[in-house]
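# Architecture and fold: a report
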Amino acid sequence: MTLMPDRDTMERIGELFKGFADASRVRILYALTQGELCVTDIAQQVELSQSAVSHQLRLLKQMQLIKFRREGKNILYSLADDHVKTILQMGLEHVLE
């Protein structure tokens, strides 16, 4: 039998899944599975305003689900790592079963 993780680890897992608890954030994460995108491109793909996307990106950064880098005046966003993509894929498979 597997030991239950400690309370702090369980809290961190709960915080991780909060990032996936909003459909707008999930759509943004799916858009980022294609690679790096700027706010304008994300907003177009997910059909949200740039301000709404910026708000969600700020939350996703705090949750460490995405990362960003500057390229000139642009900020490009991408998934933090392959685990995020895997969680999205597993969620999709689960919902479609």
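Scope of this entry: the structure provided in the associated data block. Everything numeric in this text was worked out from a predicted model, so none of it was measured. (Residues numbered from 1 in each chain as written. Predicted model: local features only at pLDDT ≥ 70, side-chain atom pairs only at ≥ 80, totals over all residues. Heavy atoms only, no water.)

## What to know about the overall build of the protein
When its secondary structure is counted, the protein shows 5 helices and 2 strands. When the helices and strands of the protein are placed in sequence order, the string is α-α-α-α-β-β-α. Each principal axis of the C-alpha atoms in the protein carries an extent, and together these give about 50 × 30 × 20 Å. Scored against the burial criterion, the 97 residues of the protein give a buried share of 27%. When contacts within the protein are restricted to residue pairs at least 6 apart in sequence, long-range pairs at least 24 apart make up 50% of them. Just so you have it, the protein exposes about 7,000 Å², and 53% of that area is on carbon and sulfur atoms. (Helix = DSSP H or I, 4+ residues; strand = E, 2+ residues; numbered from the N terminus. Buried < 20%, exposed > 50% of the residue type's maximum accessible area, 1.4 Å probe, protein only. Contact = heavy atoms within 4.5 Å. Areas by Shrake-Rupley, 256 points an atom, 1.4 Å probe, with all protein chains shown as cover.)

## Digging into the side chain of Q56
Tracing the chain through its elements places Q56 in helix α4 (residues 50–62). Of the polar contacts made by the side chain of Q56, one reaches the side chain of R25; its length is 3.1 Å. Non-local contacts of Q56, meaning those with residues more than four positions away in its chain, are made with D22, S24, R25 and I28. (Polar contact = N/O pair within 3.5 Å; in protein donor to acceptor, adjacent residues only side chain to side chain.)

## Observations regarding the pattern of salt bridges
Going through the model one piece at a time under the given rule, you end up with 3 salt bridges. One salt bridge connects E36 with R69, and the closest N-O pair in it is separated by 2.6 Å. Here R69 lies in strand β1 (residues 66–71) and E36 lies in the loop between α2 (23–32) and α3 (39–46), a separation of 33 residues in the sequence. Taking the relative accessible area as the measure of exposure, R69 reaches 35% and is therefore partly exposed. In this structure, the salt-bridge partner of E71 is R69, at a minimum N-O distance of 3.1 Å. Among the residues examined, E71 registers a relative accessible area of 44% and is labelled partly exposed. A network of salt bridges, in which partner residues are shared, links E36, R69 and E71. (Salt bridge = Lys/Arg side-chain N within 4 Å of Asp/Glu carboxyl O.)

## Quick notes on the packing of α2 against helix α5 (residues 82–96)
Relative to each other, α2 and α5 sit at 120 degrees, their axes nearing to 10 Å. For α2 against α5, the interelement crossing comes out left-handed. Across from V26, L29 and Y30 in α2, the residues of α5 making contact are V84, L88, Q89 and L92. Looking at side-chain class alone, the contact of α2 with α5 contains 6 nonpolar, 1 polar and no charged residues. (Axes fitted to C-alpha atoms, helices over the stretch in contact; angles between N-to-C directions. Left-handed = near helix turned anticlockwise from the far one by under 90°. Nonpolar A, V, L, I, M, F, W, Y, C, P; charged D, E, K, R; others polar.)

## Quick look at a nonpolar patch on the surface
The grouping of M4, M10, I13 and F17 at the surface amounts to a nonpolar patch, some 410 Å² of accessible area in total. Examined against the element boundaries, M4 turns out to sit in the segment before α1 (7–18). For M4, a relative accessible area of 68% translates into the label exposed. (Patch = residues over 30% accessible without salt bridge, like charges linked within 9 Å, V, L, I, M, F, W, Y side chains within 5 Å.)

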